[in-house]
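Here is how the chains run, residue by residue.
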Amino acid sequence: MTATDETKGTGTRLVVDLGGVRRNYRNLVERVADTVTVAAVVKADAYGLGAHRVAPVLAAEGCTDFFVATIEEAVALRAVLPEVRIYALNGNIPGSEPDFAAHGLVPVLNDLGAVERWQAQARLAETPLRAVIHIDTGMSRLGMAASERERLEVEPQRLDGLTPSLLISHLACGEERAHPMNEAQRTRFVECARRLPPMAASLANSPGLFLGAPYHFDMVRAGAALYGINPTPYAPNPMTEVARLQGKIVALRDVDSPMTVGYGATHRVTHKGRIATIPIGYADGYPRALGNLSSGVLADGSKSDIPLPVVGRVSMDLITLDVSALPPDEATIGTYVDLFGGRRTVDDVAAEAGTIGYELLVRIGKRVPRVYHDSEVEPAPSKSGADPV
Ligand SMILES: *Cc1c(COP(=O)(O)O)cnc(C)c1O
């Protein structure tokens, strides 16, 4: 998409600050010891922000290890970054092993069957293949269950032909600082690591990193924090904002007699008021749950602290905001409104929708162009000017 296309279009956009990503990466690196690697989790297209743009910025900042979920994501990332280590968390589903090998990708081995299949691939290749071993310490999702892990402990030859470079597990409650699961999982992880062949270890996601050095081991795996989601919900957000969802007013109407707004006539304008229509809806990942609940704010202008309530239900392609509180010249056709980011964070708006920043961000749909800028080089795209891409 060119800048011209973007300005001609409906205007709805997810503005992504690559400078913010860079700053967040440095922030995390500064919080861990020199011996600890900060790996980047760029699954689900870097949480919806565009892995092809985000990952190279991280690599340029010194990040050498990248996690995705699927083999498809791993292959796509390899095309962008030929040199880095790429791990697929969902592992080697049967039949995917040749693709892992062909693209130099590392599967996260989640069970003994996966170990055997990767070993068979190594035999075919006649060369040791790098592997990540995942043990479950409390998620009961992926990762070796206790019975499988114990088999591996007593039969380490099961790893013959492989280079197990990393042992991982995943925290269930990292964003609850005082939750006893954190220490319980950490203790279990340490005990398991002792009984397995020596390799680097990694337990923490973004919230885990903020639990302190005992959770860092040799590598932390950060996703959310890089994208500006608060990894410490119990405290102010230590990260820089990265993503801002904006829509442009495409219709305005003055309502001077009692009038209903939207499907189900769930909102009624009773006084003289002004309704603005923005072309974003639940098809774009703007949650339907936010109807009559959330609010936007002017993206620019002197009144950008005045809440503009979402009135009526969220439609598939449109929302309606009550802009009555603004002077008429502050809200005109083409005026940009922030729907999250800026005054109200992605975490705030997600909470209104009964979800978390992760889900709100990752569900912003394909129809919404990602507009990239770099706050370390230039300011954010303005209200009216052409957008840098
Ligand atoms: C998604 C994921 C991460 C990253 O989690 P954040 O909370 O986004 O930092 C780390 N490890 C595993 C296993 C994951 O699935």
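To be clear, the structure that these remarks concern was listed above.
Read on for a plain summary of the structure. (Residues numbered from 1 in each chain as written. Predicted model: local features only at pLDDT ≥ 70, side-chain atom pairs only at ≥ 80, totals over all residues. Heavy atoms only, no water.)

## Quick look at the overall build of the chain
Here comes step 1: For the chain, the count of helices and strands is 12 helices and 19 strands.
Here comes step 2: Summarising its shape, the C-alpha atoms of the chain cover approximately 80 × 45 × 40 Å along the three principal directions.
Here comes step 3: In the chain, the proportion of contacts linking residues at least 24 apart, taken out of those at least 6 apart, comes to 66%.
Here comes step 4: For the chain, the computed accessible surface area is about 16900 Å², with 53% contributed by carbon and sulfur atoms.
Here comes step 5: Averaging the coordinates of the 39 positive side-chain charges in the chain and doing the same for the 46 negative ones gives two points 3 Å apart. (Helix = DSSP H or I, 4+ residues; strand = E, 2+ residues; numbered from the N terminus. Contact = heavy atoms within 4.5 Å. Areas by Shrake-Rupley, 256 points an atom, 1.4 Å probe, with all protein chains shown as cover. Lys, Arg positive; Asp, Glu negative; His and termini not counted. Charge placed at Lys NZ, Arg CZ, Asp CG, Glu CD.)

## Quick word on the site of the ligand
Here comes step 1: Around the ligand sit 14 residues, and of these Lys 43, Tyr 47, Ser 206, Ala 224 and Tyr 358 come closest.
Here comes step 2: Contact distances for the ligand include 3.4 Å between a nitrogen atom and a side-chain N or O atom of His 170.
Here comes step 3: Tyr 358 places a polar side-chain atom, nitrogen or oxygen, 2.6 Å from an oxygen atom of the ligand.
Here comes step 4: Here the ligand loses 93% of its free accessible area of 390 Å² to cover by the protein chains.
Here comes step 5: Residue classes in the shell around the ligand are distributed as seven nonpolar, four polar and three charged. (Near = heavy atom within 4 Å. Polar contact = N/O pair within 3.5 Å; in protein donor to acceptor, adjacent residues only side chain to side chain. Nonpolar A, V, L, I, M, F, W, Y, C, P; charged D, E, K, R; others polar.)

## Section: the sheet that holds strand β14 (residues 273-278)
Here comes step 1: Taken in spatial order, the three strands of this open sheet run β11-β14-β17, and their pairing is antiparallel. The sheet is open, and its two edges are formed by β11 (251-255) and β17 (319-322), each paired on a single side. For this sheet, the mean angle separating the axes of adjacent strands, direction not counted, is 25°.
Here comes step 2: Alignment of β11 against β14, held across five bridges, turns out to be antiparallel. The partner of Leu 252 across the bridge, within β14, is Ala 276. (Pairing = 2+ DSSP bridges. Axes fitted to C-alpha atoms, helices over the stretch in contact; angles between N-to-C directions.)

## With respect to the packing of aromatic side chains
Here a ring pair, both rings aromatic, is described through the centre-centre distance and the interplanar angle of the planes.
Here comes step 1: All told, the structure shown has five aromatic pairs when counted by the stated rule.
Here comes step 2: With a centroid separation of 4.6 Å and 25° between ring planes, the pair formed by Phe 67 and Tyr 87 is classed as stacked. Within this pair, whereas Phe 67 is found in strand β3 (residues 65-68), its partner Tyr 87 is found in strand β4 (residues 85-88), the two being separated by 20 residues in sequence. Here the two residues Phe 67 and Tyr 87 agree in accessibility, since each one is buried.
Here comes step 3: Ring centres of Phe 189 and Phe 217 lie 5.1 Å apart, and the angle between their planes is 90°; on these two criteria the pair is classed as edge-to-face. Highlighted residues: Phe 189 in helix α9 (residues 180-195) and Phe 217 in the loop between α10 (206-209) and β9 (219-222), separated in sequence by 28 residues. (Phe/Tyr/Trp six-rings, centres within 6.5 Å; stacked < 30°, edge-to-face > 60°. Buried < 20%, exposed > 50% of the residue type's maximum accessible area, 1.4 Å probe, protein only.)

## A short note on helix α4 (residues 51-60)
Here comes step 1: For α4, every residue scored as buried is listed here: Ala 51, Val 54, Ala 55, Val 57 and Leu 58. On an axial view of α4, the arc spanned by its buried residues comes to 160°, and they lie on one face.
Here comes step 2: Where the residues of α4 are buried, they touch α2 (18-31), β2 (37-41), α3 (43-47), β3 and α5 (71-80).
Here comes step 3: Of the residues flanking the end of α4, it is Gly 62, one or two places downstream, whose phi is positive at about 110°. (Arc of directions from axis to C-beta.)

## A look at unusual backbone geometry
Here comes step 1: Positive phi values are uncommon outside glycine, yet Ala 46 reaches one of about 55°.
Here comes step 2: On the secondary structure map, Ala 46 appears in helix α3.
Here comes step 3: Not every positive phi belongs to a glycine, and Phe 217 is a case in point at roughly 50°.

## Details of the sheet that holds strand β16 (residues 308-309)
Here comes step 1: Read across the sheet, six strands follow the order β16-β15-β18-β10-β1-β19 without closing on themselves; strand pairing throughout is mixed. If you trace the sheet from one side to the other, it starts and ends with β16 and β19 (370-373), each paired once.
Here comes step 2: α2 rests against β1 (13-17) and β19 of the sheet, and its axis sits at about 45° to β1.

## Description of the side chain of Ser 304
Here comes step 1: Mapped onto the secondary structure, Ser 304 falls in the loop between β15 (295-298) and β16.
Here comes step 2: Judged by its relative accessible area of 16%, Ser 304 falls in the buried class.
Here comes step 3: A distance of 3.2 Å separates a polar side-chain atom of Ser 304 from the backbone oxygen of Gly 301.
Here comes step 4: Not counting residues within four places of it along the chain, the set of residues in contact with Ser 304 comprises Val 297, Leu 298 and Arg 343.

## With respect to the packing of α2 against α4
Here comes step 1: Axis separation between α2 and α4 bottoms out at 10 Å; the angle between their running directions is 40°. Overall, the two elements α2 and α4 adopt an arrangement that is oblique. Considering the relative orientation of α2 and α4, their crossing is right-handed. Within the contact between the two elements, α2 uses Leu 18, Val 21, Arg 22 and Tyr 25 and α4 uses Arg 53, Val 54, Val 57 and Leu 58.
Here comes step 2: A per-class count over the contact of α2 with α4 returns six nonpolar, no polar and two charged. (Parallel < 35°, antiparallel > 145°, perpendicular 65-115°, else oblique. Left-handed = near helix turned anticlockwise from the far one by under 90°.)

Read these as layout, nothing more, since geometry by itself doesn't imply function.
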